[in-house]
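An overview of the molecular structure
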Amino acid sequence: MSPLLNIDAKDASQCLKKPNESSNKYSRGVLGLVTGSNEYPGAAVLSTKSAAYSNIGMVRYVGPLRAQNLVLQAVPEAVVSDCLQGKVNAITVGSGIPDYDHCNDDSTKSQRDYILDLLKPYSAHSANSAENQENTNLPPVCVDAGALDLLPKKVCTKVVLTPHALELSKLLKRYNLDFSAQTIAENPVEFAQKAADLTGATVLLKGSTTVVASPKDLNLPIFTCKYGPSWLATAGSGDVLSGLLGALLAQNNCELNQNANYALIAASAATIHGLAAKLASKSVYEDCSNCKNRENCENCEDVEHPIVASNIIDALPYTIGSLINLD
């Protein structure tokens, strides 16, 4: 088993690229998203807004018309279309898109076909074949939720998977392995590593402790991330993470870095996600909000409270700002 490494805020800050006077929207990173559906358009909004708030220059969104309109209302800065056009530094697919068993309309089937075509070049066979050398320039891709069953059986290392335990249980059945979600959740390190070895991808297994594993032949540590509060267990938080992770992949791929540490980038995204949720879930007692002497006031204390996924997005700029300016 690879050594375990608990990632901290300082580690996560290494994956954030601070702009300078020569930066422009393209040099800061462009993320393409194929997320959301007619059934779950909110996932499109959450993943796109999360990405836009995560320190990159541009987001390009692809999805059904209903989702496009909602994305533009929430993120007028986004470029929306029916297919990815123009250069992107990374791609996020699958959030809010039903899997094969729950795909019930032609629009979703078209989305799934489009994602299937996007993922085909990431096959380990395609990426390594002599006649497909252009695949070395493929942008890294975050594969979430309903796109997990569209993966080639073995992929190249530029693919990052973000399943929770139930999704990983279903994915492992493709490899003739039958493990319950409960068994996986109780042994996240073991199963994140198993999934990484089987698929060839970096695997971010979401849970109370998020685990990120790489294929063993890369000789990388297994990262664990424990910053997320229990309030993070809320609908849409995974969509926020997929947008954030895509943004980190994009800003770390502006120069087509062939030696990128995708496990570290994925673990950094999980850490930032948890820190933002922690910030979003704390506030000060209302009667002390204007207190001028909080340090000596017995009533001044942070109070934890429930959050929704949108609250995590709102906290992202403050979290990222704090991390990117760490000494």
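The structure displayed is predicted, hence computed values, not measured ones.

The rules we used
- Residues numbered from 1 in each chain as written.
- Predicted model: local features only at pLDDT ≥ 70, side-chain atom pairs only at ≥ 80, totals over all residues.
- Heavy atoms only, no water.
- Helix = DSSP H or I, 4+ residues; strand = E, 2+ residues; numbered from the N terminus.
- Buried < 20%, exposed > 50% of the residue type's maximum accessible area, 1.4 Å probe, protein only.
- Contact = heavy atoms within 4.5 Å.
- Areas by Shrake-Rupley, 256 points an atom, 1.4 Å probe, with all protein chains shown as cover.
- pLDDT = per-residue confidence, 0-100.
- Phe/Tyr/Trp six-rings, centres within 6.5 Å; stacked < 30°, edge-to-face > 60°.
- Lys NZ or Arg CZ within 6 Å of the ring centre and 35° of its normal.
- Axes fitted to C-alpha atoms, helices over the stretch in contact; angles between N-to-C directions.
- Parallel < 35°, antiparallel > 145°, perpendicular 65-115°, else oblique.
- Left-handed = near helix turned anticlockwise from the far one by under 90°.
- Nonpolar A, V, L, I, M, F, W, Y, C, P; charged D, E, K, R; others polar.
- Pairing = 2+ DSSP bridges.
- Right-handed = clockwise from strand over helix to strand, strands pointing away.
- Salt bridge = Lys/Arg side-chain N within 4 Å of Asp/Glu carboxyl O.

Observations regarding the overall build of the protein chain
- Secondary structure assignment for the protein chain yields 11 helices and 12 strands.
- Each of the 327 residues in the protein chain was classed as buried or not, and the buried ones make up 52%.
- In the protein chain, 69% of the contacts between residues at least 6 apart in sequence involve partners at least 24 apart.
- Total accessible area on the protein chain is roughly 15,100 Å²; 49% of this is exposed by carbon and sulfur atoms.

With respect to the confidence of the model for the protein chain
- Within the protein chain, residue pLDDT values average 90, and 89% of them lie at 70 or more.
- For residues 129-134, every residue scores under 50 in pLDDT, and the model assigns this stretch 2 contacts once sequence neighbours within four places are set aside.

Thoughts on the packing of aromatic side chains
- A complete count under the given rule lists 1 aromatic pair for this structure.
- Ring centres of F179 and F191 lie 4.8 Å apart, and the angle between their planes is 65 degrees; this geometry places the pair in the edge-to-face category. Of the two residues, F179 is situated in the loop between α6 (165-173) and α7 (181-186) and F191 in helix α8 (residues 188-199); the sequence distance between them amounts to 12 residues.
- Of the residues examined, F191 reaches a relative accessible area of 1% and is grouped as buried.
- One cation-aromatic arrangement involves K153 over Y175; the distance from NZ or CZ to the ring centre is 5.4 Å.

Some details on the packing of helix α10 (residues 262-280) against helix α11 (residues 309-324)
- Contact geometry of α10 with α11 gives a least axis separation of 8 Å together with a crossing angle of 115 degrees. Compared by their axis directions, α10 and α11 come out roughly perpendicular. Considering only the axes of α10 and α11, their crossing is right-handed. Of the residues in α11, those touching α10 at I272, H273, L275, A276, A277, L279 and A280 are N311, I312, A315, L316, Y318, T319, I320 and L323.
- Partitioning the contact of α10 with α11 into residue classes produces 12 nonpolar, 3 polar and no charged.

Looking at the sheet that holds strand β2 (residues 30-34)
- The strand order across the open sheet formed by 10 strands is β1-β10-β9-β8-β7-β6-β5-β2-β3-β4, and the pairing between neighbours is mixed. Unpaired on one side and paired on the other, β1 (4-6) and β4 (79-81) mark the two borders of the sheet. The average undirected angle you get between the axes of adjacent strands in this sheet is 20 degrees.
- The pairing of strand β7 (residues 159-161) with strand β8 (residues 202-205) spans 2 bridges and is parallel. Among the inter-strand pairings, L161 is bridged to a residue of β8, identified as V203.

A closer look at the side chain of Q111
- Relative to the elements of secondary structure, Q111 occurs in helix α4 (residues 106-119).
- Those residues in contact with Q111 that sit more than four places away from it in its chain are T35, G36, S37, G63, P64 and I97.

Topic: the environment of A165
- Tracing the chain through its elements places A165 in helix α6.
- As for A165 and T183, which are separated by 18 residues in sequence, their C-alpha atoms are 8.5 Å apart.
- Dropping the residues within four chain positions of it, A165 is found in contact with A181, I184, A185, L205 and K206.

Points about the side chain of T108
- Within the secondary structure, T108 sits in helix α4.
- You can call T108 buried: its relative accessible area is 0%.
- Ignoring sequence-local partners within four residues, the contact set of T108 consists of S37, I97, P98 and C103.

Some thoughts on the pairing of β2
- For β2, the buried fraction is high: 5 of the 5 residues fall into the buried class.
- Residues V30, G32 and V34 line one face of β2 and the alternating positions L31 and L33 line the opposite face, and both faces are buried.
- Where β2 lies against strand β3 (residues 58-62), 5 bridges are found, and the strand directions are parallel. Bridging across to β3, L31 finds its partner in V59.
- Each parallel crossover has a hand, and the one from β2 via helix α2 (residues 41-52) to β3 is right-handed.
- Two strands pair when backbone bridges link them, and β2 and strand β5 (residues 90-93) are joined in this way by 4 bridges, in the parallel orientation. When the bridges of β5 are listed, G32 appears paired with I91.

Quick look at the pattern of salt bridges
- A complete count under the given rule lists 5 salt bridges for this structure.
- With a closest N to O distance of 3.8 Å, K170 and D99 form a salt bridge. Separated by 71 residues along the polypeptide, K170 in helix α6 and D99 in the loop between β5 and α4 bring together distant segments of the chain.
- Using a relative accessible area of 17% as the deciding quantity, one classes D99 as buried.
- Among the salt bridges present, the one from K120 reaches D117, with a minimum N-O distance of 3.5 Å.
- We classify D117 as partly exposed; its relative accessible area is 46%.

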